[in-house]
Structures are given as C-alpha cells and as structure tokens.
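# What the coordinates show
So the chains spell out like this:
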Amino acid sequence: MSATQSVMRPLAPVLRSEWAKIRSVRALQAALLALLLGSTGISLLACGLYDGPGGAAEDFEPVLRSFYGLPFGQIAAVCFGVLVVTSEYSHGGVRLSLAAVPRRGLLLLGKLAVTGGLALTAGLFTGLVSVGGGQALLGEHGTDLAAPGALRAALGCGLYLMLLTLLAAGTAVLVRGPVAALGILVPLLFLLAPVVGTESQVIQFLPDQAGQQILHPQPDGTLGAWTGLAVMAGWAALAVGAGGTALQRRDA
Amino acid sequence: MTSIEINELTKRYGAVPAVEGLSFSVAPGRVTGFLGPNGSGKSTTMRLVLGLDRPTSGNALIGGRPYVSYPEPMRRVGALLDATAAHPARTAHQHLLTLALSNRIPERRIGEVLARTGLETAARRRVHTFSLGMRQRLGIAAALLGDPPVLMLDEPGNGLDPEGIAWIRELLRRLAAEGRAVLVSSHQMGETARFADHLVVLGRGRLLADASLEEFVAEHAGAGEEPSLERAYLRLTEEATTYRAKGA
C-alpha cells in the first residue's frame, strides 16, 4: 500500500463526515456565504463608484482597489474557522465525534482539510471576481488580470483567506470556546496593526499584515509577496500545531 | 462474542481519584446494570472505555483490544453518554448521517435505527425541537447505528415517558437476547431490577459489588424486610455516598 493510500483510506470517510457536518448547520453556511459574497460585493461596489483621483496626484494602485472589501471577507473567514470548531465544542458534540473517530489527529486533519478547502474555494472566487470584475468596473482607471502581479494577487487572495481560516480553526481547537478564540484572534488580526501603526517592523510580521503583501502588485514592506504569505503560513501552522497537540493530550 | 474487560483501571483528575483500581467485565448475552451514587465513577469509566479520557493506570479493552485501535469503532461499541450532545441545528437524519459516514456505515441503517427507536416521523425535524425523551431515543439510535456487539448506555431512561421506559426495558432485553453485551447505568432501582441480569456497583470510584441480580438482592437484604434491589443497594452504598442531604 502506498503512503497516499494509507492516509486516504482512513481519511476519506472522515472527509465525507466533516463535509456533512458543515452542510447541515446553517450558521456555518452563512459564514461561508459571507466570506464568498461580503468582500466581493463591497470590492466591486468600491471599484464601480471610483471616479478617479481627487485633486492632487494620488498614488493609485488599481489592483489594490479590487480588495477594498477584503476586511469583510477576513472577518467572515475568522468566524467560519472559529465556528466550525466551536459549534462542536459548545454542547459536548466533540465527544460524539471522538467516539466515532478516536484517532484524534485523523479527525483534526479531516476537519481542517474540508474547512480549508472550502475557504480556499471561496477565497479564489473572491480574488478572481474582485480583480477581474473590479478592473473592468474601474474602466479607464483600471487594468486587467494580465497586468503584472494582478493574477498573483487574485490567487493569493484565495490562499490568504484559507490560511486565515486555518489560523482561526487551530486557535479555536486550542481554546475550545468562541469567546476565548475571538479574544485572541480579534486583537491579533484587527487591533494591533491599527493601534501600533503599520510602519513598525514587528507589525509587518503579524499574520494579516504579512499575508496581505501578496495582494500588492509591488510589495513595499520588509516582506515580499511570497515570503509574506510564508510568514502567515507559519502562523497558521503554529496555531494548528498548538491546537493539535492540545487535542492529542487532553481528556475530551 | 465480544465483551468489555476493565483491568485495574485508575483515573485521577489531579489528586482526586475518580476511579480507583477497578476491575470487572461485561459479558455478552446479558444486561449488566451499572449502579452507584452520583460521582461514583460510572460515567468516567464509560469515557475511559471509549478513549475519551486517558487512564492514569490500568486499561479497558473491547474484545481484547483498546477501543481506539478499531478503525470503525461504532461497529464494535455503540455508546450513549450524553443525550444533549447532538447539534441542535441538525435534523435527526443529518445527525445520524454525520456519524454513519465517519464509520462507513451504509445510509440505509439510518432509517432502520430511526424505526427501531420510534423516531421515523421525526427524522426531518431539527434536534432543538426535541424533548429530552426524544433526544434519548436519538442517542440510542446513534448507538445502534453500527449494529455493534457491545452497547454502553449512560442513564438512557432519563426524560423518557412511561411508554418510553417500558420500551427501553424491552429493547435492552432484546439486545441482550441477540447476544450483545449491554452495560446500562441507572439510578432507577425498580427499573433496573426489571431489565438487568447482572449488576456492577461502584462507590467512590471503587468496586462495591459484581454479582447477579438475585445474588445481590439476597446477599444485601436486611433481616425481616421484603427483599428489593432498592433496599439492598441503599444498604450497600450507605457508606460510599459522596453527596447527600443532611437530616433527610
């Protein structure tokens, strides 16, 4: 039996079960739909309403305008990642899940694969529609997906939202409750950078700040597009690793 | 024939022992009543059997192997630990589907266990509309899903109406008659006397008795009183009850 088969044979039923879990809870579907539509809609609106640089010479980057609504997608991605996990912990359902799949690493792998896969799909849609549609709506001020860095930004948006969702899910496994999870994630992702200021070198290494470099056709920070995304992947791996270790060790 | 074997099982939470040096087995073909005051370690023992909690020492085996070593464990042991664990937003059918898929259990089993627990007409209703009794039935349906040779039910009679209590009594008898090992915890002595063949009694995490129903009642019956399981049980656990109202 090959290595792939030895993982896929036990993993396949877990993937089907985790997909059925997400499909059957409306709150999870709502979070995913918000991820899909929230940032795309606002970004397209922002591009459609743009009427050129006002007054003095503006440093206008059309591709970045396509991600105007991304903060809404970010919040939805964090909520989706947290809810997928905590909807199971909030009423003891995790014991049912662990009794059905006692190999805890396998259960977590299945859950994260389905969750991350959905976020990636929604994120790629968001990225491609935001950039493709947004640039068309910008008209004379816009460019297109063939412009340097534009396609990279669109695909990077998918990876960025997937990593954000996995970071949120890993954190939620670690702390088990939605309040504690958001108590860590909201300051880390949404409060630290605006309060401290994005000029700080340290702030540029925060998960969202580092990951968003890929949305810039010409990244201007310390980190480049892909190195920034790699730093964010490191954050997600840290959260998933910490959550996974805690799940393996503690009593359910 | 699969049975549950508990060997020198000890679980401490910090310094507090929940289960201490516990050994007993649950044989196939009969209903074993699992008795003991609140906090005596019945639920802890069940969680340890399922690998949800890790023992401090000792082990619990199903057919000679730990529960967690079975790739599709719901086909080995059906468990009901907590009737409120089903996600309230799912329908009964969706709830059972998530469990069936994880253990490669064919979907036709969902209809079968819903029928066996009297929930066919509630299959498409969301769990948050269920009474406690219906949630118990759904929990039992989930336990039966994998057609397992071993069943472990933690107070399945809670919240059931009189018809439901009679139903579960008959169900337990039939499951044992089919050759399954059935472990059922309960605080209802009158009911337990009607469905159990064998008794395992815990007090403060230790084994107080492991005997057939008749032996147990005969051994612990007081002189000059009508022998009953309730009297025998109360006499035995008098010293081992952790939580008790004063002056009652």
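This section reports on the structure supplied with the text. Quantities reported herein were computed from a predicted structural model and do not represent experimental measurements.

## A closer look at the sheet that holds strand 2 (residues 16-26) of chain B
Residue and element names in this part refer to chain B. Spatially, 2-1-4 is the arrangement adopted by the three strands of the open sheet, whose pairing is antiparallel. Strands with a single pairing partner mark the edges of an open sheet, and in this sheet they are strand 2 and strand 4 (57-62). Here the average twist between neighbouring strands, direction ignored, is 20°. Contacting strand 1 (4-13), strand 2 and strand 4, helix 1 (residues 42-49) runs over the sheet at an angle of about 110° to strand 1.

## Comments concerning the interface of chain A and chain B
Listed per partner, the contact involves 26 residues of chain A and 28 residues of chain B. With both sides pooled, the region where chain A packs onto chain B buries about 2400 Å², and carbon together with sulfur makes up 54% of that total. On the chain A side of the interface with chain B, the three residues burying the most area are His 91, Leu 96 and Asp 251 of chain A, jointly 22% of the side's total. Inspection of the chain A/chain B interface yields one salt bridge. Between Asp 251 of chain A and Lys 11 of chain B there is a salt bridge, and its shortest N-O distance comes to 2.8 Å. Counting across the chain A and chain B interface gives twelve residue pairs in polar contact (both at pLDDT 80 or more). The biggest single contributor to the side of chain A that touches chain B is helix 1 (residues 3-23) of chain A, with eight residues. When its residues are assigned to classes, the side of chain A that touches chain B shows eleven nonpolar, seven polar and eight charged.

Conventions adopted
- Residue positions are given per chain, counting from 1 as you read along its sequence in written order.
- Numbering of ligands from 1 and lettering of chains from A proceed in the order in which they are written.
- It should be noted that, the model being predicted, local features are given only for residues of pLDDT at least 70 and side-chain atom pairs only at 80 or more, the latter also being counted only at that level, while totals for whole chains, interfaces and linings use all residues.
- The side-chain quantities take in all heavy atoms of the structure and omit both hydrogens and water.
- A pair of strands counts as paired when DSSP detects no fewer than two bridges linking them.
- Secondary structure is summarised from DSSP: a helix means a run of H or I of at least four residues, a strand means a run of E of at least two, and numbering begins at the N terminus for each.
- To get an axis, a line is fitted to the C-alpha atoms, and for a helix only the part in contact is used. The angle between two axes follows their N-to-C directions and goes from 0 to 180 degrees.
- When checking whether two residues touch, look at their non-hydrogen atoms; a contact exists if any pair is within 4.5 Å.
- Accessible area that two parts lose when put together, with a 1.4 Å probe and added across both, is what the buried area reports.
- We define a salt bridge as a side-chain nitrogen of Lys or Arg found within 4 Å of a carboxyl oxygen belonging to Asp or Glu.
- Each polar contact in these results corresponds to two N or O atoms within 3.5 Å; when the atoms are within protein, one needs to be able to donate a hydrogen and the other to accept it, and residues that are neighboring in sequence are counted only if both atoms are side-chain atoms.
- Side-chain classes are defined by residue name, with Ala, Val, Leu, Ile, Met, Phe, Trp, Tyr, Cys and Pro counting as nonpolar, Asp, Glu, Lys and Arg as charged, and the others, Gly among them, as polar.

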